[in-house]
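Breakdown of the fold
So you can see what is in the structure, the chains are spelled out below.
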Amino acid sequence: MTWIKRLIHLIKANSSLTIIITAAILIELMSIGQQIYTRKLLGDELEKRAESELTLKANVTMNSLKMAENSLQGHIWDLKRNLADPDSLYDVVEWVLRSHPNIAGCCIGFIPDYYPQKGRLFEPFAYWKDGEVVKGQAAGPDHDYTKGLFYQFAKDQKAQGWTDPYVGDITKRQIITFAMPIHDEQGKIVAAFGLDVATDWLGDALNKKHLYPTSYDLLLSENGKVIASPRDTISKWEDVERVVAMINDSTVAKKSSKSGDSKVIKFTSFDGDEAYVFVSEFGGSAKWKIAVVCYDDEVYGKLNHMWLLFSLLNLVAMVVLALIVFGFANNNRRLQRIRVEQERINSELQVAKNIQMEMLPEKFPPFPERDDLDIYGSLVPAKAVGGDLFDFFLRDEKLFFCIGDVSGKGVPAAMVMTVTRSLFRSASVRDNNPAHIMRTINETMCQGNESSMFVTLFVGVLDLPSGRLRYCNAGHDQPMLLGETLNEMQVESHLPVGIFDATKFTAQECMIAPKTTIFLYTDGLTEAKNMERKQFTLARVKEVLTQHIQETPQALLEYMSQAVALFVEKAEQSDDLTMLAIRYQPKIEKYDLDEKLTLKNDVKGVVELGTFVKSVTKRLGLEEGQGDKLRLAVEEAVVNVIDYAYPIGTEGEVTIEAKSDGEILKFIITDTGIAFDPTEAETLDPSLSIEERPIGGLGILLVREMMDTINYERVEGQNILTLIKTIKK
């Protein structure tokens, strides 16, 4: 027991040092735990990204091969039609060669003595050389195609398929060949039809873009032969042969991925780095394997660097803490100076608070000219400045809104809040997809985010004419919908923004019924604590909302604030408290003019459209010049649908409705063609030459210039484009 007493005495005598050491150990343990957890997340993310790349590149490869196969199969009838005229077969192979940009050569190898006048062997052949097609008889003393892979494959297998890679006698390039037997009318094989694809093209296509700089992709045949690999684009060539051998070796351990879509092989490279091979098989006519190789030093390099940096920072922090503790006795002399400095800081913080609050919406109601929206928001920071935010604005008859909560408090959180709000504005100025907006915000915030601050964020886009709400949630609390009953909005779980720049975000949508209020809040509401450290909880939030479900947004937030204040009493506020209520109450529109025209997707209908628009503007008594501008804008929008909404040769319709209540004129253009949102198209630069301008750009510019509002929605397979012009102010 003597040593225990000595230890207790030592701790009491050096309490400050003990506190510092304990804090250092705890912080280091937390850092290690965080590093392990983050490494696991990165490993899971690597597996998902690798499988995604395998799937994407397998699809690209299969599609390219399928196109080549279709090119060959599409000319079989031409081949059989010309069997009686062997000289015409040179044109057949040339037509096949020109039908696909990545075909290196095409040939037809007939069984020996099929055409006695052409000699024992006859092989019409065409291939590319220096940008020109070279065709002729390939068979000769130096080339017996009957011994070649493609001929033997078609003759022995008696079926079509892809050969293993080999070097072509004529082209001198490594190729793979799609071989197909050709039968005569009696069903006897008379020739092998072959189509060559250069493997270097496949290798370049596979390795055009990688997960990481030293990653690379491999394509192997069913027999394990290398079809495509990177040429001189990787720095770890010595690993390629080992990787191929491991893939083909059945004794090498291959772990199934979590999804089961691929196999994972872990190995150590010649450089001593840990590495991973993700292997997947894909079907179709080619039973091949595709693999992607990634190295540990790139997957976890940034994490290891960050962990080392944080460890050093923790060490520095402990040293600083020690200096503070050991120098505490000298602080009394500086106390007065600190108080003066504190007053200055408080004054600056007040200025910062005022600036911060001015960035948030402060005018309510924000859109007094509209009676289909009622919005009210409030933010009460826990400190002089806070890390919560909310924002909203109108564009193209859509309400864009967000609410967020920055990790941490005080000035750093306020700075991140300001950046987040600015990113929301800039990202949504052209994009209507909340998932795209969230992705843009996340990618920008992850750049240089060495402080690892993140933001839980909810972004919504409410289409006011239809009540369709599209939204994306990044780790934020579920909003509430207050209609006839109280319901929680169903949201998918995503990581907060600012953590991983490769985080995938998906958009959701729902319909907001008229007279429904969307209630959004931060966790400062549910986690507000009273003197006994008990939380306000979500159950109390729902109780208050249920009691005041039909109140206006302002009244609803006031009732909620009163309930929180009554609960916490004199307890100090521990977190920012932010609420936002949006009430959707669309008016029933009554129109004095309601006309409709349906056209086929034929530009000939533009004449009828012009007459229709002219009749509408004339009935409304618009000036001729204004009527001509409106007609031009509507014609540009409709012609855009006629030209691009339906595939060539497909019949379709476009419906144009003209509605007016005497103050506004609304044209609603509806079609069931390919989805296209003109409100997201880039604004045309008039200074560009005609050759440089994108197709359709000028028409979109004209519509934007001539109309007050453009609104697009894709609803139940229909494109609905609404053009609105104020005709009476």
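Residues numbered from 1 in each chain as written. Predicted model: local features only at pLDDT ≥ 70, side-chain atom pairs only at ≥ 80, totals over all residues. Heavy atoms only, no water.

Right, let's talk about the packing of aromatic side chains for a bit. On inspection of all chains with the given rule, the structure shows 19 aromatic pairs. Taking the centre distance of 6.1 Å and the plane angle of 90 degrees together, the rings of Y90 and F122 count as edge-to-face. Here Y90 is found in helix α4 (residues 89–98), whereas its partner F122 is found in the loop between β1 (103–110) and β2 (124–129), with 32 residues between them in sequence. For Y90, a relative accessible area of 16% translates into the label buried. Judged by centre distance (4.8 Å) and plane angle (50 degrees), the ring pair of F364 and Y376 falls under tilted. Taken together, the residues F364 in the loop between α10 (335–359) and β14 (373–380) and Y376 in strand β14 connect sequence positions 12 residues apart. (Phe/Tyr/Trp six-rings, centres within 6.5 Å; stacked < 30°, edge-to-face > 60°. Helix = DSSP H or I, 4+ residues; strand = E, 2+ residues; numbered from the N terminus. Buried < 20%, exposed > 50% of the residue type's maximum accessible area, 1.4 Å probe, protein only.)

Turning our eyes to something else, we now look at the pairing of strand β6 (residues 174–183). Moving residue by residue along a regular strand, the side chains alternate between the two faces of the sheet. Across the 10 residues of β6, eight count as buried, placing the element largely inside the fold. Alignment of strand β4 (residues 161–162) against β6, held across two bridges, turns out to be antiparallel. Counted as the bridge partner of W162 is F178 from β6. Taken together, the two bridges between strand β5 (residues 166–167) and β6 define a ladder with antiparallel strand orientation. In the sheet register, V167 faces β6, and the bridge partner there is Q174. Counted between consecutive antiparallel strands, the loop separating β5 from β6 contains six residues, among which K172 sits at a positive phi close to 60 degrees. Two successive antiparallel strands, β6 and strand β7 (residues 189–198), enclose a turn made up of five residues, where G187 displays a positive phi of approximately 85 degrees. (Pairing = 2+ DSSP bridges.)

A word on the packing of helix α14 (residues 537–547) against helix α15 (residues 553–568). If you want to describe how two helices pack, look at the angle between their axes and the distance between the axes. Interhelical geometry of α14 versus α15 gives an angle of 140 degrees and a closest axis separation of 10 Å. Classified by the interaxial angle, the pair formed by α14 and α15 is oblique. The handedness of the crossing between α14 and α15 comes out as right-handed. Here α14 contributes R540, V541, V544 and L545 to the contact with α15, which in turn contributes L556, Y559, M560, A563 and F567. Tallied by class, residues from the contact of α14 with α15 come to eight nonpolar, no polar and one charged. (Axes fitted to C-alpha atoms, helices over the stretch in contact; angles between N-to-C directions. Parallel < 35°, antiparallel > 145°, perpendicular 65-115°, else oblique. Left-handed = near helix turned anticlockwise from the far one by under 90°. Contact = heavy atoms within 4.5 Å. Nonpolar A, V, L, I, M, F, W, Y, C, P; charged D, E, K, R; others polar.)

Scanning the entire structure with this criterion turns up 22 salt bridges. Of the charged contacts in the structure, one is a salt bridge between D396 and R395, with a shortest N-O distance of 3.1 Å. Classification of D396 as partly exposed rests on a relative accessible area of 21%. When the shortest N-O distance is used, the salt bridge between R468 and E713 registers 2.6 Å. Residue R468 is found in strand β18 (residues 468–474), and its partner E713 is found in strand β27 (residues 709–715); the two are separated by 245 residues along the sequence. Of the two residues, R468 and E713, neither departs from the other in class, the shared state being buried. (Salt bridge = Lys/Arg side-chain N within 4 Å of Asp/Glu carboxyl O.)

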